[in-house]
Amino acid sequence: MAEIIKMGTFLLGGKPVLQGASRYPNMLDPSFGDTVPGKEISWLRFGDCLIADRCLCTYISWDKLNDLGFVFGTRIWIDGQPYICRCPHGGTNQHMHNSEWDTLVAEYSRESFWLRSEYFWCQENFPSDSPPSLRVVRGCFDSDYYGSGIASESVYNRGFLPILEPAKRPELNFHIWEGKEIYMSGPYEQTISGRVIQVDDYDLLMFTHLPLPSGCVWATKEGQYITVPKDKVWNIKDFK
């Protein structure tokens, strides 16, 4: 039996919406947020990953999803945990049923997904003998269906079926930044800037005239000094 996990909320224009209930309006970008009771997203677990059990919205083009990073993967945060959010692999050949989607359907059955009349975008270009603007779509009434859509088109029954992978924090050499002015990013892509004063086994001590980002709970500030746990740092860049 499929393991269903309810967490996170789909946002349009920063506002929570019911999963699968909304067509994408051109002026409102889709994103993800922490769990809002009554508007949770339903996910099916496979391995270390999760896949939504339905399209979260329709009437959105492949090009728009790609512009937002959702085709090949971008980091998002849900309830304090980082994930890579991407579109599924749908395969590069309609005669070979060995794609990620085919594996999922074989494991969970077609009935586990609410795709009664909707197709979803996949990462792949349609086979190479086709126009380069075509992208693979799967889903709808037949789990074996393998078709195409024009990347720039927004269609009422073509949507976004996301997969979440656990995001891995990169290995960082913190000591090389001692004495330097830096930008640092942490959970929810919040950024802190300042000069690194000291690095120990667990924390960075920074000097800055700037306040902490609004809602920041992963760093502490006393006067003009900020203490940041090293395990909360996801990226560091020179302050230029």
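Residues numbered from 1 in each chain as written. Predicted model: local features only at pLDDT ≥ 70, side-chain atom pairs only at ≥ 80, totals over all residues. Heavy atoms only, no water.

On to the overall build of the protein chain, then. Helices and strands together make up the secondary structure of the protein chain, namely 2 helices and 21 strands. Expressed along its principal axes, the backbone C-alpha trace of the protein chain runs to roughly 60 × 40 × 35 Å. Per-residue burial over the protein chain gives 48% buried out of 240 residues. A sequence separation of at least 24 residues applies to 60% of the contacts in the protein chain between residues at least 6 apart. For the protein chain, the exposed surface amounts to about 12,400 Å²; the carbon and sulfur share of it is 51%. When the 23 basic and 30 acidic side-chain charges of the protein chain are each reduced to a single mean position, those positions are 4 Å apart. (Helix = DSSP H or I, 4+ residues; strand = E, 2+ residues; numbered from the N terminus. Buried < 20%, exposed > 50% of the residue type's maximum accessible area, 1.4 Å probe, protein only. Contact = heavy atoms within 4.5 Å. Areas by Shrake-Rupley, 256 points an atom, 1.4 Å probe, with all protein chains shown as cover. Lys, Arg positive; Asp, Glu negative; His and termini not counted. Charge placed at Lys NZ, Arg CZ, Asp CG, Glu CD.)

All right, on to the sheet that holds strand β3 (residues 15-17) then. Spatially, β3-β2-β5 is the arrangement adopted by the 3 strands of the open sheet, whose pairing is antiparallel. Edge positions in the open sheet fall to β3 and β5 (30-33), since each of these has one partner strand only. Strand-to-strand twist of the sheet, defined as the mean angle between neighbouring strand axes without regard to direction, takes the value 50°. Where strand β2 (residues 9-12) meets β5, 4 bridges bridge the pair, whose relative direction is antiparallel. In the sheet register, F10 faces β5, and the bridge partner there is F32. (Pairing = 2+ DSSP bridges. Axes fitted to C-alpha atoms, helices over the stretch in contact; angles between N-to-C directions.)

Time to look at the environment of I5. Relative to the helices and strands, I5 resides in strand β1 (residues 4-7). Residue I5 is classed as buried on the basis of its relative accessible area of 17%. In sequence terms I5 and W62 are 57 residues apart; their C-alpha atoms lie 26 Å from each other. Ignoring any residue separated from it by four or fewer positions in sequence, one finds I5 in contact with I41, S42, W43, R45 and L50.

Take the pairing of strand β15 (residues 163-166) next. Note: strand β7 (residues 49-52) against β15, 2 bridges, orientation antiparallel. Bridging across to β15, L50 finds its partner in L164. Relative to β15, strand β10 (residues 81-86) runs antiparallel, the two sharing 4 bridges. Within β15, the position partnered with I84 by the bridge is E165.

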